[in-house]
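Listed here are the chains, written in short residue letters.
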Amino acid sequence: SWDLIFTSCVLGAGVGSAAVNKPPSEHIEASQPATEAPGPAAPSAPTDVLEALEQRRVKYVEASNQAKASGDDRKARMHDRIAKQYHSAIRAHKAGKPVNFDELPVPPGCPPIPGQKAADAERGFIATLEAASKLASPDAPDVGDEEDDEEKEEESKVAVPEKPKKPTLDVPTAGPEQKRSPSASPGSTSPKENPSPTAVQLLELLESRKKQYMKAALQAKQKNDMEQAKVFLRTAKGLDPMIEAARSGKTVDISTLPSPPGDEEDDFILVHHSDVQVSEKAEQVYTQLSTILKEQHEKCLTYSEQFTHLGNVSETTRFEKMAESCKKSMEVLKLAQSRGLPPPKHHFEERSLRTVRIFPELSSTDMVVIIVKGMNLPAPSGIQPNDLDAYIKFDFPYPSAEQPQRHKTNVIKNTNSPDYNQSFTLSITRNHRGFKRVVTSKGLKLELLHKGGFLRSDKPIGSALVKLDKLESQSEIREIVEVMDGRKHTGGRVEVKVRLREPLSGQDVQTSTERWLVIDSSKGPV
């Protein structure tokens, strides 16, 4: 019946309205010549809202008639209901009343209602950018506070329902009755009454991330990069469901939280005056301090991303605040340097950082084997060490010994200490019994060979075994294993790394003590 809808739109509203009053047989005859016409044109775009609504109503009326003719009463009733919706919308529009166009179904092939979608998108984009500009201003109130105030106003309106208009029932503002809170419905709960500290931290993290993307959108708009601004805005709007879920006390998976937008190098502009001079020694101090702060900032962002993938809200928030502190210190340095001031006072602290090692770029079904290098490899008989053309191959016996995953490195010529630095991604199933058996008992066996020349076979150098049992508690193992010729030690060694996204059981917790640079808040030279 939808094919006939397009045909009826070509015939125009007059033919469609005439077809409403015809019996089904006459309607089929009237529509038949149009269906035989080759390649009907697309419906013409309406000039105003009324014409668009009438055009869509006619389409649904035609679809209803066709459904009745084919004996499909259910579809006919459905199209009748939609046609009545459009009839009511037309009456409301003529009377000057607002019409909710989002509630009206759209028939296939119909052009949009003039001035609706474009205007709504433009208004929404402008409104969002205005909100972003408010967020970027230093004296702007917090968005969360404004929303809380609005919600409190809404709750007060709902909590105190309006009585029938009787002047004698007006309640004075002061009095004991004012302290009495209205009774809530039995099924309603207030998730905001006593939020846990974790819930508060989660909400702060989500709202802070949204502000970052709103500010990034504003910066992109100021650079006339509207496409990038829209991308940042879409990402910011995509955080709304997570924020609402956090406010209502629901569980939020922060592993899907987008990373902070990239820091722009030109967030602030350095103004160098001709009369500003900084000594050579001070320049060196500025360079060293900036390098250290940049390394600290990148380290904090890395740790924050790792804890985000683990779903640890408190540690994610902690490292994001540390990263923000490093960024502010870099701004202080650049500002002081641009004004020709001596480097600000600073000191170093010993900070104990408890981190969890994880490789978020890997999936849970990946295991990466990295062949780093060979050291002092033995040469087969008849081959000089400087003429050794060595490569390494291995068979990983999973999913089975009969169907192993085979890989080999490139050939590094004319050296007995080749550098490979090649990685190979294997497919695994972490909880599979066969994989755990390989990890705990079999390990990874490497075979080292010398590449033969023309019409010459490859000659074995030796073999090495990498044990994998440490993957139970570590996400990466680094082993330097000895090359064996049977049971004989050859003196050669091979360096190998094996990585998982995270350990097979538990977390790879690491504690390190680092020397942390802190720029003092008090002003003054070094």
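Reading the values: rules and limits
- Residues numbered from 1 in each chain as written.
- Predicted model: local features only at pLDDT ≥ 70, side-chain atom pairs only at ≥ 80, totals over all residues.
- Heavy atoms only, no water.
- UniProt positions renumbered as here; feature names shortened; annotations may be inferred.
- Salt bridge = Lys/Arg side-chain N within 4 Å of Asp/Glu carboxyl O.
- Helix = DSSP H or I, 4+ residues; strand = E, 2+ residues; numbered from the N terminus.
- Axes fitted to C-alpha atoms, helices over the stretch in contact; angles between N-to-C directions.
- Parallel < 35°, antiparallel > 145°, perpendicular 65-115°, else oblique.
- Left-handed = near helix turned anticlockwise from the far one by under 90°.
- Contact = heavy atoms within 4.5 Å.
- Expected span 1.5 Å × (residues − 1).
- Buried < 20%, exposed > 50% of the residue type's maximum accessible area, 1.4 Å probe, protein only.

- An unreviewed UniProt entry annotates the protein chain as C2 domain-containing protein originating from Ilyodon furcidens.
- In its Sequence similarities (unreviewed entry) section, UniProt records this for the protein chain: "Belongs to the CC2D1 family."

### Some thoughts on the pattern of salt bridges
Part 1 of the reasoning: For the structure on display, the rule yields 17 salt bridges.
Part 2 of the reasoning: With its nearest N and O atoms 2.7 Å apart, the salt bridge here joins K210 to D240. A residue pair is termed long-range when its members are at least 10 positions apart, and K210 in helix α8 (residues 197-222) and D240 in helix α10 (residues 240-247) qualify at 30 residues.
Part 3 of the reasoning: For D240, the salt bridge is made with K237, and the minimal N-O distance between the two is 3.5 Å.
Part 4 of the reasoning: When salt bridges with common partners are traced through the structure, they connect R357, E476, R499 and D508 into a single cluster.

### Structural notes on the packing of helix α4 (residues 49-69) against helix α5 (residues 73-94)
Part 1 of the reasoning: Put simply, α4 and α5 touch, their axes get as near as 8 Å, and they point 160 degrees apart. Considered as vectors, α4 and α5 are oriented roughly antiparallel to each other. Here the hand of the crossing between α4 and α5 comes out left-handed. On the side of α4, the interface is formed by V49, L50, L53, E54, R56, R57, Y60, V61, A63, S64, A67 and K68, while α5 contributes K75, A76, H79, D80, I82, A83, Y86, H87, A89, I90, H93 and K94.

### Quick look at α4
Part 1 of the reasoning: With 21 residues, α4 ought to run about 30 Å at 1.5 Å a step, and its terminal C-alpha atoms sit 31 Å apart, in line with that.
Part 2 of the reasoning: For α4, the tally of buried residues reaches 16 of 21 residues, placing the bulk of the element in the interior.
Part 3 of the reasoning: Just past α4, the residue G71 takes up positive phi, approximately 85 degrees.

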